[in-house]
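# Report on the structure
The lines below spell out each chain.
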6 protein chains.
Amino acid sequence: MEAFLNNLFADAEAEYTDARYVVFGVPYDGTSSYRAGSREAPGAIRAVSYNFETYLPSVGVDLWEVPVTDLGDLEPLSLPDLVVGQVEETAAMIAADGKIPVMIGGEHTITPGAVKAVKPQCYVVCDAHLDLRDEFGGTKWNHACATRRVMDLDVEDIFVIGARSGPAEEFELVEESERLHMYTADEVRARGIASVIEEIKEIIGDRSLYLSVDADAVDCCLTPGLGTPEPFGITTWDLRSVVRAFAARASGFDYVEVCPVDAGQTAAVAAKLIREFIAWNWAGKEGL
Amino acid sequence: MEAFLNNLFADAEAEYTDARYVVFGVPYDGTSSYRAGSREAPGAIRAVSYNFETYLPSVGVDLWEVPVTDLGDLEPLSLPDLVVGQVEETAAMIAADGKIPVMIGGEHTITPGAVKAVKPQCYVVCDAHLDLRDEFGGTKWNHACATRRVMDLDVEDIFVIGARSGPAEEFELVEESERLHMYTADEVRARGIASVIEEIKEIIGDRSLYLSVDADAVDCCLTPGLGTPEPFGITTWDLRSVVRAFAARASGFDYVEVCPVDAGQTAAVAAKLIREFIAWNWAGKEGL
Amino acid sequence: MEAFLNNLFADAEAEYTDARYVVFGVPYDGTSSYRAGSREAPGAIRAVSYNFETYLPSVGVDLWEVPVTDLGDLEPLSLPDLVVGQVEETAAMIAADGKIPVMIGGEHTITPGAVKAVKPQCYVVCDAHLDLRDEFGGTKWNHACATRRVMDLDVEDIFVIGARSGPAEEFELVEESERLHMYTADEVRARGIASVIEEIKEIIGDRSLYLSVDADAVDCCLTPGLGTPEPFGITTWDLRSVVRAFAARASGFDYVEVCPVDAGQTAAVAAKLIREFIAWNWAGKEGL
Amino acid sequence: MEAFLNNLFADAEAEYTDARYVVFGVPYDGTSSYRAGSREAPGAIRAVSYNFETYLPSVGVDLWEVPVTDLGDLEPLSLPDLVVGQVEETAAMIAADGKIPVMIGGEHTITPGAVKAVKPQCYVVCDAHLDLRDEFGGTKWNHACATRRVMDLDVEDIFVIGARSGPAEEFELVEESERLHMYTADEVRARGIASVIEEIKEIIGDRSLYLSVDADAVDCCLTPGLGTPEPFGITTWDLRSVVRAFAARASGFDYVEVCPVDAGQTAAVAAKLIREFIAWNWAGKEGL
Amino acid sequence: MEAFLNNLFADAEAEYTDARYVVFGVPYDGTSSYRAGSREAPGAIRAVSYNFETYLPSVGVDLWEVPVTDLGDLEPLSLPDLVVGQVEETAAMIAADGKIPVMIGGEHTITPGAVKAVKPQCYVVCDAHLDLRDEFGGTKWNHACATRRVMDLDVEDIFVIGARSGPAEEFELVEESERLHMYTADEVRARGIASVIEEIKEIIGDRSLYLSVDADAVDCCLTPGLGTPEPFGITTWDLRSVVRAFAARASGFDYVEVCPVDAGQTAAVAAKLIREFIAWNWAGKEGL
Amino acid sequence: MEAFLNNLFADAEAEYTDARYVVFGVPYDGTSSYRAGSREAPGAIRAVSYNFETYLPSVGVDLWEVPVTDLGDLEPLSLPDLVVGQVEETAAMIAADGKIPVMIGGEHTITPGAVKAVKPQCYVVCDAHLDLRDEFGGTKWNHACATRRVMDLDVEDIFVIGARSGPAEEFELVEESERLHMYTADEVRARGIASVIEEIKEIIGDRSLYLSVDADAVDCCLTPGLGTPEPFGITTWDLRSVVRAFAARASGFDYVEVCPVDAGQTAAVAAKLIREFIAWNWAGKEGL
Ligand SMILES: [Mn+2]
Ligand SMILES: [Mn+2]
Ligand SMILES: [Mn+2]
Ligand SMILES: [Mn+2]
Ligand SMILES: [Mn+2]
Ligand SMILES: [Mn+2]
Ligand SMILES: [Mn+2]
Ligand SMILES: [Mn+2]
Ligand SMILES: [Mn+2]
Ligand SMILES: [Mn+2]
Ligand SMILES: [Mn+2]
Ligand SMILES: [Mn+2]
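Just so you know, these numbers come straight off a predicted model, no measurement behind them.

## What about the coordination of the manganese ion (ligand 9)?
Geometry reference: four tetrahedral donors at a metal, ideal angle 109.5 degrees. Six octahedral donors, ideal angles 90 or 180 degrees. Residue and element names in this part refer to chain E. The protein atoms that coordinate the manganese ion (ligand 9) are His-108 (ND1), Asp-127 (OD), Asp-131 (OD) and Asp-214 (OD), at distances spanning 2.0 to 2.2 Å. Sequence spacing of the donors to the manganese ion (ligand 9): H-x18-D-x3-D-x82-D. Between the manganese ion (ligand 9) and the manganese ion (ligand 10), both coordinated by Asp-127, there is a metal-metal distance of 3.3 Å. Here the residue Asp-127 occupies a position in the loop between β7 (122-126) and α4 (146-151), and Asp-214 occupies one in strand β10 (residues 209-214), the gap between them amounting to 87 residues.

In C-alpha cells:
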C-alpha cells in the first residue's frame, strides 16, 4: 500500500505515547490589534515543513530519528481567556507526561497559558513589542499583554530580545523591574547577538527555561508575514542563534504571530526554526 | 485652495448635525469562525465608493444632494459583548438624533447592538446562515448567533432571505417559531425574488423595519470576498431588489461580513448597495 | 482533554475499517499544460471543508453520521504513468474493501487509474475539454488524454458534460464513436441540465457508473481557480444537479483540476460538492 | 531545431505582409480614474491566449489557417493626447494596408485614435460607462471622454451597450442626441441581448462599423479584473453575442480596460473573444 | 460617545491652524514607467500608521504631543504638469502658514512642485535613480525627470543617496555638475552611511534643506513594494539614518514611489520613517 | 512607424546570426517537489527586464551595443528526460554556432542538458541544495538530481556555493568526492564571498566553465519567489559577486528555479544578474 501524507508537521510520525516533542497548533487571532490572520499560521507552517530535508547538518540530527508527534489544532473558543485555558490544559497534559510542548500560534495571547503549565524559572522571548500592558481592548488576555501575564506567574527572570515598540510606560516598567531584561533590536545590532546570548546565559545559570518566539522580533522587511509588523528588527540569523543557544535548556517552546500573507518566507523561517529547536534540544547541544 | 479627499465614504460630506444618514464602520472580526479579515471591509468599501458616480439613474437621485455623514470607524474592543455595547451606544445616539444609522461591518455579531438601539418592529436579513445558535465558541455574542440575539429583542417578525446553511436544530427552530420566516436561496431561485419580496411586504404591512445584509447571502462565486463563503446563494440582483424594496421603510441598515480578499468585487457590490440604500430611502420610493 | 482538528477532510472521522467513503488526495500537476498548481487543491479543499455545516438540508443527511475516512495525500512520483499506477493501486484497495473512493486531484491525468480500479460500465465526466488526445507532450498519460485513456478500458458508455474545447479531430472522434456522448456547455444552457440528465439516465439504465468532475466544466467567471480556465461553461447549479443526480449510482468519484489561485470560491464549490456526493450516495436518493 | 514560443498572441504567426488581422497592444493607463494597471492587460491577455485551442467549434474555424500577426506593444508616451496620436498613426497604417486592426488596451482613451484612422460610419461600444464627458482631469483625452471623442468624428450612429454609470448630464445628452443609442445593462437583461442586437442591426443596415469592447460592460462579479469595476452589468454571454453578431461587419476592433488583478478570468474572456472576433470576421458569418 | 478613527495618518489629530506638520497625499502615478499603483500608497501608508505606537523611544517623543494634521489626498488631475501645479499651490500655502509639508506620493514627479514652494537652499534625495532626464515620454514632468526639475530651481546643492541606475548621460551630468553630489548604493555600502552623512552635513553647513525619499533607494529585496524596483540598494537602516540626520534641518519632506503590491513592508517602513521625520524634527535633534 | 516592444528580453534586439548571446526560456516545472510555478519565470524575468536601464555603470557597458538575441520559450514536453533532450539540442546548436547560451528556467532539471551541450571543464553552481540524489520521484531527471547528472558528464570540478540542504548521504558524497567542492551559505557568511571566489578561481585556473544559478541559493527572506525556498542563504550581493567574477570565463549560463509568487523582487534580481552576466562577459572583465 502507498504511503500517505497526513498534512501534519513533517516527520512528526511518532505516537503520542512515544513522543518526546508534542506539536500542536492554536489557530486563534481574536484580539490581534492590526492585521488578522495568524489563525492561518499553523497550516502554513506545517505545509512548508515538507519543503525541508529531514537532516540538519548544523547539529547532525536527522528528524526521522527523533520522536515527535503532532496533535493537530486546538479548536479555539471565541474568548481569549477561554483559549488561554484550553492551551494551559493541553500544555499541562504534555508536561505532566514528561514531554516538551511545541506550540504553533496563533497570536501571542496564548503563551502565558503554556508557561503556566510548564512552570519554568526563566522566560526568554523574542518580540518587537514589550507586551507589558496590563489590559488592552477591555481584557487582560490580549496579545499586547502577553509578557505582562507571564510576569503574573512564578517566573523569576524575563528576557526580551528584539524589543523596539511600546508606550513610554512599558519602557519605564522595564527600567523599574528587576525581573525584566530588555535587549532592543538596536542593541542586538550594535553588540552582536552572541554577546547578548552570553549575558543571558550567565544570568540564567542552570535554571529552567521557556522559550517563546514572537515572529515579529525579526525585521518585517525580512519576514513580512506578521500580524503587527515592525521594521528595524533583529535578523533571522539572530533568531536562529537564540533558538540554537537555548533549545537544549528549554522545557517548553512556542512560535507565534506569523500571519502568512507574504510569499511564504515567514512561515518557512518558522518551520525551519521549529525543526532546529527540536533537533538542538534532542542533541542536547548549545550552538549559535 | 485645492479640495482634498478625506478617505471616508464618498459624498458623505454633510456635518453630523445636518445629516440624515450616518455612516460608521465597525472593523471587528474577533469571533469569525472561518476566515478573519472583515475588519478590513470598512476601509475597502469606502475606497471603492469613489469608483462610482454620484448620480443613480435608477432612482433619479444625486448623492451630492443627500445629507450623509461618515463618522469613521469605531475602535472596537477585544471582547464581542463589549463591541456590541459600543455599537448600541453609537446607534442609539444616531437614532435619538432622528437620523438613520448605516453601519459597515465587520462581522455580523454587531448587528443586534444596532437593532436594539433602533427598536424596529420587523427585521429583514439577507444571510446564507441562519445564525440561530444560542451560543458558539463559549459566548452568546458570536457571529453564528446574530439572528438569535435579534430574537431576544422586541422584534415581532424576522425574515431571513438566502439562507442555506445551519445545523438541523436551526432549521427545526425555524419550523417551530412563528416569528421566523425563512426564504432559502433555492426558494428565491425557484420563485423569483419579486414574489418573495411581495410576500414579506404583505406580512410587514406598515410596521417599522431594520434591514441587515450579511454579504454571504450572495453566492460566493459572484462575490467571493467573504468570511464564511457559501456557494449556491442568491444573486447580486436579488440582493439589489431587496435593498430597493425595503430601503424606504427601514430606520436602520447594515452591511456586514465582507472580507476583502478577492479582486474587489464584493466590496464594490457593498459600496454600490449602500449607496442604493441611501438613495432609495431618501427618495422614499420602493423598487425592485 | 481538548479535541484537536487533524486538518483532513472535515467530518471524515471514521476509521478506515468502518468507512464507507475513503477520501484521498493526489497533489500531482506534472503535465498541466497552462497553469501549474492543482497540487495545492487537496489542501485547499480540505481547509474550506471546515467552513461548512455538517448538516445538508437538501437531502436531510448529517455527515457526522456517515462513515467517512480521509487517508491524506498520496506522495506522487514525478512521472505521470507512475502516478496513475499509484492511484490505481490505492483505488483498487478501496474498491476491493467494498468502499467508495473519493479522490481529490491534482490534474485529470489520474482519473483513468481510479476508473481502471473501480471497473464501472459507464463513465460520466464534467469537463470543458474533450481530453481525447491519444498523446500529448510526449506521453499518453497527460491531462489532455484523460478521457481517451478511459476509452481504452472496458467502459461501455462515456458521457461528457460541459465540453467546449478541443481540436477539430476530437470533435470528429465524438461524431464517429458510439460510446462517446457529448453535451456541450451551450447545449446544457439551451436545453437545461434536467433534460440532459434525464437523457443520460435513460441511456445508462441500471448499469454501474464512475463520476468524474473536472472543475473547469464550470464557467471560469464563476470559479476561476483552474489550471486550464475556459469561459462560457456550465454553472455551479448545473454541476450540483449532476452530482445529485448520479451520486447514488456511482461506485467511484473524483474532483480534479482545481488550482486554488482565486479567493477560494473554486475550492469552496469543490468541498461542498464532495460533501453533497457523499450525502446523496449515503441517502441513496437521486436529486437535481 | 526546436520550435519556440514568442509570447505574442497565440497563433498570430503570419508576417505583416500576409496578415489580414494585425494585433497590437497599447499598455497605457495614465488617466485611469480608479485603479491603475490596464497597462498589464496586453501581456496578460497574450499569456492566456495560449490556454485555448486553435479550433473554434462554434464557427468551424481553425486559427492556424487565419493570417494574423501581432506587432507587439506600442511604447506609449506619458501624455494621453500623444498616445492617441501613436494609436492613430498605427491604425492608419494598418487600415491603409487593407488590414483589420485588433487593438488591446490599455484604457479606453485610445479608442478614438483607432476610430479616426478606420473611419467607420457606425460605432458599437460595450461599456458600463457613457464616457461622454467633454473633459476630465484637465484634459479632453481621458478614458471618461472616450465616446465623446468618437462623437467629434464623422461617425453617424453610436450604440452603447451595457451602460449604467454616468452623471445626470450624460444621460441627458443621450436623450438629446439622435446619434446616441443607449441600451442599459438592465434593458439588456430585461429584453435579452438578441432583441437589442436585432434592433441595432436594423439601424446600421449595411453601413461600416467599428466595434469597441470596454471590458467593464460585463458585471464585475463575473469579470472583476477591471480598472473601474461596476456591478449589475451584462453577462459574458451577452458580450459574446455582440462580438459574434458584429464581427463580420467590423473594419476595426478593440478590447480595452482589462486590469488583470483577478485570478485571470477577465483576461481569459478577453483573449477568447478576441479569438472569436477574428474567427467570425474571417468566416464572414453573423452569430449570437 | 465613542471615539472614531478617521482613517487619516495616525495621531494627526491637530487642527490645521494649530499644526506644525501638515500631511497630505498625492495619489498620482500617471507617468510611472514600469508598474502603476503608487496612487495606492497614501492609503496604504496611513493604514499601517495605526500599527505603530505613538511613542518613539529613540528620540523620546510621543506623537500625541506633537501638533500634526492630515489634509487627506489631493484629487490629482490627469496631466503631470497640472498635478505639479496642484502640489505647488498646496505646499506654498502650508509653507506660507509657517508649517512643514509632509507629502506622501504618488510618484516622484510631484516633488519639484513642493520644492519650488518651500524654496530650500539644499536638496537631499534618496533614490535608486538619478532622475536627471530632461524629458521622458514626451513631457518634462515625468518621474524620470524629478531631480532634473529640481535643478531648474534656485537650489544650490543636490545630494543623491543610493543612486545606481540611469543612462550613461546622467552619470556624465553628475560628473560635470558641481551642484550634483552622488553617493551610490555601493559607495554607501562600502563607506558606511555615517561617513556619507557627515560629508553631506559639512557641505550643507547651516543652509536650509528639503528632504525627499524615493522609496526605491532601498534594496527591492527588503522593500519590494515599488513602482520601479532596483536590487542592490541601500538598507532601511541607511535610510533611517538619513531621516534622523536631516529631519531637524528640513523645512519640507516627502516620501514617494511606494507601490503597495507586497505584504505591506514597504508601506510600513514609509509610515515609520514619516513618524521618525516628524519626531526628530519636533525634537530638534540630529541622530543616526 | 512607431516602434513596438516584442515582450522578449529587453535589449535583445540582435538577429540570431549576429548575436553573441542567445537567451531562451524553458518554462518547465514538472518535477518540482514543493511549489510549482517556475514555468512562469521566463515571462516574469523578461517583463521586469524592461524596468532596467540599458547602461550598467559598474562595468561601463551599454546593452544596446551588445549583440543579444532571445529565441523565446521552448515548448517543453511533459516528461523530464524529453525536456532535457530539447534543452541539449538547443544549447548544442547555439554552442556550435559559437554563441553563448543564456538559459532561463524553469526548474534545475534542465541544466545538465545545457552543460552536456557546452562541454565545460568546470561547473560552478549557486544552490541551496546539493541536488546530488541519483534518483527522485522515480526518475533520474528530477530537479533534486541536477548536480548529480552533471557529475555523469566529463566535468572535472564542480563548485557548489550557498549549499545548506540535503540528506546526510549527499553531504557524505561531498566528503568522498574529489570533484565536488562545497561552500555552504554559513561558510560564505563567515569567510566572505571574495575569499571563496578567490579559492575557486585558483582551482579552476584557465579551464573552461559553465555557470548555473539556482535562485534558491539566495536567502528566501531576500528573494522569496522560489520553488523550494530556504532561509539562511547567501545574499544577493554574494550572488552578484559570483556572476561578476565568473562571467568572463563562462561559455554557458543559466538562471533557474525562480517561482514568481512574490512582489517581483526575485525576478528583478534574476533579470538584473542576467544583464550583468552578459555585460561582464562582453567586457571580458572580472569583478566582485
Ligand atoms: Mn508579542
Ligand atoms: Mn510582537
Ligand atoms: Mn450572518
Ligand atoms: Mn452569513
Ligand atoms: Mn479534463
Ligand atoms: Mn478540463
Ligand atoms: Mn469606457
Ligand atoms: Mn467603462
Ligand atoms: Mn525618483
Ligand atoms: Mn527611483
Ligand atoms: Mn538546484
Ligand atoms: Mn535549489
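Moving on from the coordinates now.
## Re the coordination of the manganese ion (ligand 2)
Residues and elements named next belong to chain A. Distances from the manganese ion (ligand 2) to its protein donors, Asp-127 (OD), His-129 (ND1), Asp-214 (OD), Asp-216 (OD) and Asp-216 (OD), fall within 2.1 to 2.4 Å. Positions of the donor residues of the manganese ion (ligand 2), expressed as sequence spacing, correspond to D-x1-H-x84-D-x1-D. A separation of 3.3 Å is found between the manganese ion (ligand 2) and the manganese ion (ligand 1), both of which receive a donor from Asp-127.

## Things to note about the packing of helix α1 (residues 41-49) of chain C against helix α9 (residues 265-283) of chain C
Two packed helices can be described by the angle between their axes and the distance between those axes. All names here are of chain C. As a packed pair, α1 and α9 sit with axes 8 Å apart at the nearest point and diverge in direction by 70 degrees. One way to sum up the angle between α1 and α9 is to call them roughly perpendicular. Residues Ala-44, Ile-45, Val-48 and Ser-49 of α1 form the contact with α9, whose own contacting residues are Ala-267, Ala-268, Ala-270, Ala-271, Ile-274 and Arg-275. Classifying every residue of the contact of α1 with α9 by side-chain character gives 8 nonpolar, 1 polar and 1 charged.

## Some thoughts on the interface of chain A and chain E
On the chain E side, the residues contacting the 25 residues of chain A number 20 residues. For the pair chain A and chain E, the two sides together bury roughly 1900 Å², of which 61% comes from carbon and sulfur. By the criterion of area lost to chain E, the three top residues of chain A are Tyr34(A), Cys221(A) and Phe232(A), representing 35% of everything that side buries. Put simply, chain A and chain E have 3 salt bridges between them. Linking Arg240(E) and Asp186(A) is a salt bridge whose minimum nitrogen-to-oxygen distance equals 3.1 Å. Counting every contact that joins chain A to chain E gives 4 residue pairs in polar contact (both at pLDDT 80 or more). For the side of chain A that touches chain E, the secondary structure elements donating two or more residues are α5 (168-176) and α6 (185-191) of chain A. Of the residues belonging to the side of chain A that touches chain E, the class tally is 12 nonpolar, 5 polar and 8 charged.

## Focus: the interface of chain C and chain A
Listed as interface residues are 19 residues of chain C and, on the opposing side, 19 residues of chain A. Summed over both partners, the interface of chain C with chain A comes to about 1800 Å²; 57% of that surface belongs to carbon and sulfur atoms. Of all residues in chain C, Glu2(C), Phe4(C) and Leu5(C) bury the most surface against chain A, accounting for 33% of the area lost on that side. The interface formed by chain C and chain A contains 0 salt bridges. For the pair chain C and chain A, the number of links is 2 residue pairs in polar contact (both at pLDDT 80 or more). Those elements that provide at least two residues to the side of chain C that touches chain A are β1 (4-5), β5 (68-74) and α2 (80-96) of chain C. When its residues are assigned to classes, the side of chain C that touches chain A shows 9 nonpolar, 5 polar and 5 charged.

## Thoughts on unusual backbone geometry
In the segment running from Gly105(D) into Gly106(D), the intervening peptide bond is cis, with an omega of 5 degrees. Inspection of the secondary structure puts Gly106(D) in the loop between β6 (100-105) and α3 (111-118). Backbone geometry places Asn7(A), a non-glycine residue, at a positive phi of 70 degrees. Among the secondary structure elements, Asn7(A) is positioned in the loop between β1 (4-5) and β2 (21-26).

## Comments concerning the relation of the copies chain C and chain A
Under the fitted operation, chain C is carried onto chain A by 0.0 Å of movement along the axis and a turn of 180 degrees, and the coordinates agree to an RMSD of 0.0 Å. Here the two chains are linked by the operation of a two-fold rotation axis. When C-alpha positions in chain C are compared against the rotation axis, the closest is assigned to Asn7(C), at 3.4 Å. Here 100% of the interface residues in chain C have copies in chain A that are interface residues too; the copies meet face to matching face.

## Points about the UniProt feature "binding site: Mn(2+)" (unreviewed entry) in chain A
Residue and element names in this part refer to chain A. Sites flagged by UniProt as "binding site: Mn(2+)" (unreviewed entry) map to His-108, Asp-127, His-129, Asp-131, Asp-214 and Asp-216. With the annotated positions falling across 109 residues, the maximum pairwise C-alpha distance of 12.0 Å places them together in a single cluster. If you trace the backbone, His-108 turns up in the loop between β6 (100-105) and α3 (111-118). Judged by its relative accessible area of 0%, His-108 is buried.

## A short note on the packing of aromatic side chains
Taken as a whole and judged by the stated rule, the model has 33 aromatic pairs over all chains. Geometrically, the ring pair formed by Phe171(B) and Tyr55(C) is tilted, given 5.8 Å between the ring centres and 55 degrees between the ring planes. Here Phe171(B) is found in helix α5 (residues 168-176), whereas its partner Tyr55(C) is found in strand β3 (residues 55-56) on a different chain. Taken as a pair, Phe171(B) and Tyr55(C) share a single burial class, namely buried. Pairing Phe4(D) with Phe24(F) gives two aromatic rings, centres 6.5 Å apart and planes at 75 degrees, and the pair type is edge-to-face. Of the two residues, Phe4(D) sits in strand β1 (residues 4-5) while Phe24(F) sits in strand β2 (residues 21-26), which places them in two different chains. Note that Arg149(A) overlies the ring of Trp141(A), its terminal NZ or CZ placed 5.9 Å from the centroid. Lying over the aromatic face of Trp237(E), Arg189(A) brings its terminal NZ or CZ to 4.1 Å of the ring centre.

## A short note on the relation of the copies chain A and chain E
Between the two chain copies there is a screw-like relation: a rotation about an axis and a shift along it. Of the two same-sequence chains, chain A is brought onto chain E (RMSD 0.0 Å, axial shift 0.0 Å) by a rotation of 120 degrees. Put plainly, the chains are arranged around a three-fold axis. Among all residues of chain A, the one whose C-alpha sits closest to the rotation axis is Leu222(A), at a distance of 3.7 Å. Interface overlap between copies is the fraction of interface residues in one copy that are interface residues in the other; for chain A against chain E it is only 8%, indicating separate surfaces.

## Quick word on the side chain of Thr90(A)
Within the secondary structure, Thr90(A) sits in helix α2 (residues 80-96). In this structure, Thr90(A) is in contact with Phe24(A), Leu71(A), Leu74(A), Glu2(C) and Phe4(C), ignoring residues within four places of it in sequence.

## Looking at helix α2 (residues 80-96) of chain D
Quick reminder: α-helices carry 3.6 residues per turn. Residues three or four places apart thus point the same way. Between its terminal C-alpha atoms α2(D) stretches 24 Å, which fits the 24 Å expected from 17 residues at 1.5 Å a residue. The complete set of buried residues in α2(D) reads Pro80(D), Val83(D), Val84(D), Gln86(D), Val87(D), Thr90(D), Ala91(D) and Ile94(D). Projected onto a plane normal to the axis of α2(D), the buried residues spread over an arc of 155 degrees and lie on a single side. Packed against the buried residues of α2(D) are β2 (21-26), β5 (68-74), β6 and α3 of chain D together with β1 (4-5) of chain F. Among the residues trailing α2(D), Gly98(D) stands out with phi positive, at a value near 75 degrees.

## Examining the environment of Asp238(D)
Residues and elements named next belong to chain D. Checked against the element boundaries, Asp-238 lands in helix α8 (residues 236-246). What makes Asp-238 buried here is its relative accessible area of 13%. Taking the C-alpha atoms as reference points, Asp-238 and Phe-277, 39 residues apart in sequence, are found 14 Å from one another. Apart from the residues lying within four places of it in its own chain, the contact partners of Asp-238 are Val-188 and Ile-193.

Cut-offs and rules
- Residues numbered from 1 in each chain as written.
- Chains lettered and ligands numbered in written order.
- Predicted model: local features only at pLDDT ≥ 70, side-chain atom pairs only at ≥ 80, totals over all residues.
- Heavy atoms only, no water.
- Donors = N, O, S within 2.8 Å, 3.2 Å for Na, K, Ca; no water.
- Helix = DSSP H or I, 4+ residues; strand = E, 2+ residues; numbered from the N terminus.
- Axes fitted to C-alpha atoms, helices over the stretch in contact; angles between N-to-C directions.
- Parallel < 35°, antiparallel > 145°, perpendicular 65-115°, else oblique.
- Contact = heavy atoms within 4.5 Å.
- Nonpolar A, V, L, I, M, F, W, Y, C, P; charged D, E, K, R; others polar.
- Buried area = accessible area lost by both parts, 1.4 Å probe.
- Salt bridge = Lys/Arg side-chain N within 4 Å of Asp/Glu carboxyl O.
- Polar contact = N/O pair within 3.5 Å; in protein donor to acceptor, adjacent residues only side chain to side chain.
- Least-squares fit on C-alpha atoms with pLDDT ≥ 70 in both.
- UniProt positions renumbered as here; feature names shortened; annotations may be inferred.
- Buried < 20%, exposed > 50% of the residue type's maximum accessible area, 1.4 Å probe, protein only.
- Phe/Tyr/Trp six-rings, centres within 6.5 Å; stacked < 30°, edge-to-face > 60°.
- Lys NZ or Arg CZ within 6 Å of the ring centre and 35° of its normal.
- Expected span 1.5 Å × (residues − 1).
- Arc of directions from axis to C-beta.

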